[in-house]
Amino acid sequence: MARYTGPSCKLCRREGQKLYLKGERCTSGMCALDRRKSAPGQHGAAKKKLTEYGTQLREKQKAKRYYGVLEKQFLNYYKKADNQEGIAGENLLRLLERRLDNVVFRMGLATSHKEARQLVLHGHFTLNGHKANIPSILVKVGDVIAVKETESPKIKALVEAMADTVAPKWLELDKNGSAKVIAMPERDDIDFEINEQLIIELYSK
């Protein structure tokens, strides 16, 4: 399964915005973006005026990196969103929010999408009572996502930390380590700054 294995902090610096790819490190004084505002590379400090295409590309890259999705998969999400009824941009974000690894992140069981993906891949969760180890599974209304076991000290600590989690309104949390999807995610539920219209304009060319 393809995934990005390079330095995470370089991605935040390239986008000029925190993507929270390293969890708690991003909110500490160790965040690379706090120490170096410039983009990575030899000419990263040079001021460049983005073209219309450049602005659209950066928005797409930002969304793709925030959710931990590679190019081909992101393009497939766009095609699916474009074929659905409603606003294509909102459909796209709704699909990304419904990914199993994102749900685990929204449950407060991981400090980043990357950590959530790893927990799912290691088989720590069930979906409707069945083992689920594919991060890209799209949940639907009525689905129940639960921690498979809480014997591991790390998993036990994550479940205990759920008590402080403020989940989006489309998820109903059970502090024992489970959540139920009670509605489809709406645009207002996404607190990360993304201009989805720019992404749609990019792919529509």
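That block above? That's the structure.
We now turn to the structure provided with this report. Per chain, residues are indexed from 1 in the order of the written sequence. At least 70 in pLDDT is required for a residue's local features to be given in this predicted model, at least 80 for side-chain atom pairs to be given and counted, and no such filter applies to totals for whole chains, interfaces and linings, which use all residues. Excluding hydrogens and water, the side-chain figures rest on all heavy atoms present in the structure.

### Thoughts on the environment of Ala81
To keep it simple, the criterion reads: What counts as a helix is a DSSP run of H or I of at least four residues, what counts as a strand is a run of E of at least two, and both are numbered from the N terminus.
Along the polypeptide, Ala81 turns up in helix H4 (residues 71-83). Here the alpha-carbon distance between Ala81 and Ile200, two residues 119 residues apart in the chain, equals 9.8 Å.

### Some details on the pattern of salt bridges
Cut-off, in case you're wondering: Whenever a carboxyl oxygen of Asp or Glu lies within 4 Å of a side-chain nitrogen of Lys or Arg, that contact is scored as a salt bridge. Using a 1.4 Å probe on the protein chains alone, a residue whose accessible area is under 20% of its type maximum counts as buried, one over 50% counts as exposed, and one in between counts as partly exposed.
Considering all chains together, one arrives at ten salt bridges under this definition. The partner of Lys60 in a salt bridge is Glu71, with the nearest N and O atoms 2.6 Å apart. Here the residue Lys60 occupies a position in helix H3 (residues 52-67), and Glu71 occupies one in helix H4, the gap between them amounting to eleven residues. Owing to a relative accessible area of 6%, Lys60 belongs among the buried residues under this scheme. Relative accessible area serves as the criterion here: at 32%, Glu71 is assigned to the partly exposed category. Shared partners join several salt bridges into a network, and the residues in it are Lys60, Lys64 and Glu71.

### As for the pairing of strand S4 (residues 171-174)
So the rule is basically this: DSSP calls a pair of strands paired once it identifies at least 2 bridges connecting them.
As judged from the four bridges shared by S4 and strand S5 (residues 178-181), these two strands associate in the antiparallel manner. Across the sheet, Glu172 pairs through a bridge with Lys180, a residue of S5. Hairpin connection, S4 to S5: the antiparallel pair is bridged by three residues, and Gly177 has positive phi, about 110 degrees.

### Observations concerning unusual backbone geometry
The phi angle at Asn128 is positive, at roughly 55 degrees, despite the residue not being glycine. Inspection of the secondary structure assignment puts Asn128 in the loop between strand S1 (125-127) and strand S2 (130-131). Residue class for Asn128 comes out partly exposed when judged on its relative accessible area of 37%.

### Quick word on the packing of H4 against helix H5 (residues 88-97)
Selection rule: Interaxial angle, 0 to 180 degrees, is taken between N-to-C directions of lines fitted to C-alpha atoms, where a helix line uses only the stretch in contact. Throughout this description, any angle smaller than 35 degrees is read as roughly parallel, any larger than 145 degrees as roughly antiparallel, any in the 65 to 115 degree range as roughly perpendicular, and the remainder as oblique. Throughout, a crossing is termed right-handed when the near helix is turned clockwise from the far one, and left-handed when it is turned anticlockwise from it by less than a right angle. Throughout, a residue-residue contact means that at least one pair of heavy atoms, one from each residue, lies within 4.5 Å. Ten residue types, Ala, Val, Leu, Ile, Met, Phe, Trp, Tyr, Cys and Pro, are classed as nonpolar, four, Asp, Glu, Lys and Arg, as charged, and the remainder, Gly among them, as polar.
It is the contact of H4 with H5, at a shortest axis distance of 8 Å, that shows an interaxial angle of 125 degrees. Here H5 runs oblique to H4, going by the angle between their axes. The way H4 lies across H5 gives a crossing that is right-handed. For the pair H4 and H5, the contacting residues are Phe74, Tyr77, Tyr78, Lys80, Ala81 and Asp82 in the first and Ala88, Asn91, Leu92, Leu95 and Leu96 in the second. Grouping the constituent residues of the contact of H4 with H5 by class yields eight nonpolar, one polar and two charged.

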